[in-house]
Structure formats: structure tokens, C-alpha cells
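Working through the structure, step by step
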Amino acid sequence: MYAERVLSGMRPTGALHLGHYHGVLRNWVKLQHEYPCLFFVADWHALTTEYDNPHDIEKNTWDMVTDWLAAGVDPNQATLFIQSKVPEHAELHLLLSMMTPLGWLERVPTYKDQQEKLDSKDLSTYGFLGYPLLQAADILIYRADKVPVGEDQVPHIEFSREIARRFNHLYGREPGFEDKAREAVKKLGGKRARLYEELRTRFQQEGDKTAIERAHALLDEVQHLSLADRERLFGYLEGCGKMILAEPGALLTEASKMPGLDGQKMSKSYNNAITLREPAESVQKKVRAMPTDPARVRRNDPGEPEKCPVWQLHQVYSDEGCKEWVQQGCRSAGIGCLDCKQPVIDSILREQAPMRERAQQYAEDPSVVKSIVADGCEKARELARETMRDVREAMGLEYH
Ligand code: TRP
Ligand code: SF4
């Protein structure tokens, strides 16, 4: 139940760019070898702001998933799915909405920030206010303990933890909990039971975090427990009732420092991006057209790399030798700007080559992407269904 699991979602913005690759996708590709991973398209989240123009969402979804695959996200390692194809997310969102104080939602910092930022749009909607709660449902429904996100999303992860805690507090109680928990401890067997008790005491009296981690590991090892007993033992450790929903943690993704063609952060809205599968000629054209140090009007005017966006790309892509060559050549006017740009172009093309190759098969037969996602949706749904059974049970909605 508390097995390590990674979950992350992305709103379907369409074709991704190299900033997404350096910031997010490379991290996903790494994580998929380390943990069971679930990655999904947050299409309902897109609707919270694009409700007046939903028609691009589908195409954006397929383009984006193709880019994930092109970047090396491996459907044999990670589960890829679409949020709206797992309608259990909506059920959990609804049930959680019953116990979510309005003030908690209004105080999530992204709420006012985004409303102000997108002020051309009317975002005083029910759905937009509920954005973080839908995200909490996305996370809690998989009992995911690790959520890789950027800094901007950290308040949403914290909000999800609070929701999990409130849910467990409200619905994790049962008559005779303490007695049942003690019975469950006995079922661990003599040696394990003693260790569990010891770790529990250490956590509750000294707040020893490693003790709780060891206790979780111990419970993960035990095979013969019923689900109800597991929930009791997890809850009993922390001194609350049953732990039906797990509290997730953020796995902070370092902010992408990927510069765009103009030296600002790479972003679709700044129109300074190179897409993941940008055709080679277009990469060449865009980099060649990049502005450079304005002091280099003529070929023999010396320049300063610090004043040039091309230099920023060298810092991402070039080795020490090449960077030295740029520093020297720029300051002495020994090289021209087009010479200087060539290694950057070469590096980008080299980085893109395997992506282009992987994308080839999907472009030839789009049904492959669709069937990968269909499989992923099935797998995700199974996990989601399990949680929903426990949630309904806890809330008295099972109708046995
Ligand atoms: N809000 C996230 C973003 O804008 C996308 C998202 C939706 C998400 N649900 C999630 C991310 C669950 C992580 C986990 O980037
Ligand atoms: Fe920029 Fe390179 Fe030209 Fe110098 S030589 S201004 S670093 S592009």
C-alpha cells in the first residue's frame, strides 16, 4: 500500500520544447528506472482554464505523449495515461470536495496568482477554484508518495498532504481502533512486533523520522496482512486512525535554466523555443538568427559572451574546450558569430537525433501511441479502483 510510487502530470500544451526536456522529461526518464512511475495528461486541468476553447486539447494530448515517448519515457517502464480516461479521479475529487474547507482552496497561493496572471479570462469558476483539489485527487488516488514537480507546484503537494490528513482523521476512525491495532501488531509475529513497537515509541516520543521510515519498510515487507490491518498499523504508528490515503511528498525538480533563443527562459509564450522534434533546417535557421552581443556589429568588432544569448546555450551544451574557444574567439574577434553558433547547432541536432528516431515509428503509425495510452489507462484504473473501494468503504458508501 505504501510502496514507493512516483506520479506526475502535465497539462496538454501540445508540442514540447527543449526546456521541457531539460527541466522535466530527462528527470522522468531517470526516475522510471528507479521507481514504478505513473505519468499522465492532466486534460481536465487544462479545461479549468481552456473551458472556452477545448478543441485543441485532444491534439495537444497526442502531440505531448508522442514527445514523452520521443524523449525516452519508456512505456514498458512507466504507465502513461490520460486523466479523463480514469473517471475515478472525478469521483475522488467529488468526495473530497465534501470535506474541503473553502478557505483552504482560496488560500492556495496559485489561485489568486493565476487569476491575476490570466486576467483576460474569467477564472472565477467552481472548477478553477477546485484545481488543487483535483490535483490532490490525482495524487491520492494512487497513494503516490513521490511527486516530481517544479517549485511552483509545491503548494499543491502540501495541500494534498493536508487533504489526506483530514480525510484520514475524519474517516479513518473506527470503533475499537486501538484494540484492533494491537491485535494487528501481534499478527506481525514476535520479533517484528517488538521492533514495530520500539520504532513506534521512538517516533511518537522523540519524533524520530528514521524510525518511521524503518517501520514503513518493515510493514512493506510483511506479506500476510489484510489491507485493513495494514491501514491500522500505518495509522497506529503515527497516532491517528487508519491511514486510508497516504501523504505524498514533493520530489523537487530543479528549475530548468534552459535559455531560449533570446536569452530569456525558454517558453512557448515568449516565442523563443526550439521544439523537441523541430526539423533540423529550422533549428539551424533559428540559431543562426539568434541575436548576439550588440557590440559585434562587424565581424572584427570584439564581443563579450556574457552579453550574448548564444553563450548561454554554450553553457548548456558545450565542453570546457569549446567554451574556452568561444571566450577567446569572441573577445579577440577571432571567430565570427556564425562560427560560434555552429557547435550549438550541432549539439542540439545530436541531442534531438534519438528523439526524432523514436518519434518516427509513432508518426508512421499513430495507433501505437493510442494503444500505449489505452494500456496505461487500464493499469492506472485498476490502481484507482482499489483506492476508491477503500474510500467508499471508509465513507460508508459501499452499500453491501
Ligand atoms: N498542476 C500541474 C502543473 O500545472 C499538473 C498536474 C495536475 C499535476 N495533476 C497533477 C502534477 C498531479 C503532479 C501531480 O504542472
Ligand atoms: Fe555571441 Fe559567440 Fe558572437 Fe560572441 S562570438 S557575440 S558569444 S555568438
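The shown structure was predicted, so the numbers you read here are calculated from the model rather than taken from an experiment.

**Points about the overall build of the chain**
Within the chain one finds 18 helices and five strands. Counting only C-alpha atoms, the chain reaches 85 × 50 × 40 Å along its principal axes. Looking at the chain residue by residue over its 400 residues, the buried ones come to 47%. For the chain, restricting intrachain contacts to residue pairs at least 6 apart in sequence, the fraction spanning at least 24 positions comes to 76%.

**Focus on the pairing of strand 1 (residues 6-10)**
With four of five residues buried, strand 1 lies mostly within the body of the structure. Pairing of strand 1 with strand 2 (residues 37-41), which is carried by five bridges, proceeds in the parallel orientation. Following the sheet pairing, Gly9 is matched in strand 2 by Phe40. Read as a crossover between parallel neighbours, the route from strand 1 over helix 1 (residues 18-34) to strand 2 is right-handed.

**Notes on the site of ligand 2**
All residues in the neighbourhood of ligand 2 are listed as Thr292, Asp293, Arg296, Pro305, Cys308, Val310, Val326, Cys330, Cys337 and Cys340. Elements supplying a minimum of two residues to the shell around ligand 2: helix 16 (320-331) and helix 17 (337-364). Residues of the shell around ligand 2, tallied by class, amount to seven nonpolar, one polar and two charged.

**Comments concerning the site of ligand 1**
The local shell around ligand 1 holds 14 residues, among which Arg11, Tyr131, Gln135, Asp138 and Gln153 are the closest. One of the side-chain nitrogen or oxygen atoms of Gln135 is found 3.0 Å away from a nitrogen atom of ligand 1. A total of 360 Å² of accessible area belongs to ligand 1 in isolation, and the protein chains cover 92% of it. Mapped by element, the contributors of at least two residues to the shell around ligand 1 are strand 1, helix 8 (131-140) and strand 4 (146-149). Here the shell around ligand 1 is built from residues that sort into seven nonpolar, five polar and two charged.

**Quick notes on a negative patch on the surface**
Among the surface-exposed residues, Asp375, Glu378, Glu382 and Glu386 lie close enough to one another that they form a single negatively charged patch. Relative to the elements of secondary structure, Glu378 occurs in helix 18 (residues 367-394). Exposure remark for Glu378: the relative accessible area of 42% places this residue in the partly exposed category.

**As for the nonpolar core**
Counting residues in each nonpolar core, the largest one holds 87 residues, and the members touching the most others are Leu25, Phe39, Trp68, Leu96 and Tyr142. Take this core: its biggest share by element is eight residues, from helix 18. Taken together, domain 1 (6-172 + 248-257 + 366-394) and domain 3 (277-363) each give at least three residues to this core, which thus spans both. In contact with Phe39, other than residues within four places in its own chain, are Val6, Ser8, Trp28, Trp68, Val73, Ala78, Thr79, Leu80 and Phe81. Phe203, Val222, Leu233 and Leu237 belong to the second largest nonpolar core, which has 21 residues in total.

**Some remarks on unusual backbone geometry**
Positioned with a positive phi, Arg143 is a non-glycine residue whose angle comes to about 50 degrees. Summarising the element assignment, Arg143 is placed in the loop between helix 8 and strand 4. The exposure class assigned to Arg143 is buried, which follows from its relative accessible area of 6%. Backbone geometry at Asn271 places phi at a positive 60 degrees, although glycine is not the residue there. Within the element layout of this structure, Asn271 appears in the loop between strand 5 (249-252) and helix 14 (280-288).

**Considering the environment of Val149**
Here Val149 is to be found in strand 4. On the basis of relative accessibility, which here comes to 9%, the residue Val149 falls in the buried class. Put simply, Val149 and Gly103 are 46 residues apart on the chain and 24 Å apart in space, counted from C-alpha to C-alpha. Beyond its immediate chain neighbours, meaning those up to four positions away, Val149 contacts Ile157, Ala250, Leu251, Leu252 and Thr253.

**Structural notes on the state of the cysteines**
Applying the stated criterion to the full structure yields zero disulfides. Cys37 supplies the cysteine sulfur nearest to Cys377, a cysteine that is in no disulfide, at a spacing of 17 Å.

**Re the side chain of Thr48**
By the element assignment, Thr48 lies in helix 2 (residues 43-50). A polar contact of 2.6 Å, which involves the side chain of Thr48, links it to the backbone oxygen of His45. For Thr48, the residues in contact, after removing those within four places along its chain, are Leu123, Gly127, Phe128 and Tyr131.

**Some thoughts on the domain arrangement of the chain**
Assigned domains of the chain: these are domain 1 (6-172 + 248-257 + 366-394), domain 2 (177-237) and domain 3 (277-363). In this complex, domain 1 contributes 14 residues to the contact, which on the side of domain 3 involves eleven residues. Here domain 1 packs against domain 3, burying approximately 1,100 Å² in sum over the two surfaces, 61% of which is carbon and sulfur. By the criterion of area lost to domain 3, the three top residues of domain 1 are Leu18, His22 and Ala70, representing 39% of everything that side buries. At the junction of domain 1 with domain 3, the criterion picks out one salt bridge. Where Asp67 meets Arg277, a salt bridge forms, and the shortest distance between an N and an O atom there is 2.6 Å. Run the count over domain 1 and domain 3 and you get four residue pairs in polar contact (both at pLDDT 80 or more).

Conventions we followed
Residues numbered from 1 in each chain as written. Chains lettered and ligands numbered in written order. Predicted model: local features only at pLDDT ≥ 70, side-chain atom pairs only at ≥ 80, totals over all residues. Heavy atoms only, no water. Helix = DSSP H or I, 4+ residues; strand = E, 2+ residues; numbered from the N terminus. Buried < 20%, exposed > 50% of the residue type's maximum accessible area, 1.4 Å probe, protein only. Contact = heavy atoms within 4.5 Å. Pairing = 2+ DSSP bridges. Right-handed = clockwise from strand over helix to strand, strands pointing away. Near = heavy atom within 4 Å. Nonpolar A, V, L, I, M, F, W, Y, C, P; charged D, E, K, R; others polar. Polar contact = N/O pair within 3.5 Å; in protein donor to acceptor, adjacent residues only side chain to side chain. Areas by Shrake-Rupley, 256 points an atom, 1.4 Å probe, with all protein chains shown as cover. Patch = residues over 30% accessible without salt bridge, like charges linked within 9 Å, V, L, I, M, F, W, Y side chains within 5 Å. Salt bridge = Lys/Arg side-chain N within 4 Å of Asp/Glu carboxyl O. Lys, Arg positive; Asp, Glu negative; His and termini not counted. Charge placed at Lys NZ, Arg CZ, Asp CG, Glu CD. Core = buried A, V, L, I, M, F, W, Y, C linked by side-chain atoms within 4.5 Å. Domains from an automatic or database assignment. Disulfide = S-S within 2.5 Å. Buried area = accessible area lost by both parts, 1.4 Å probe.

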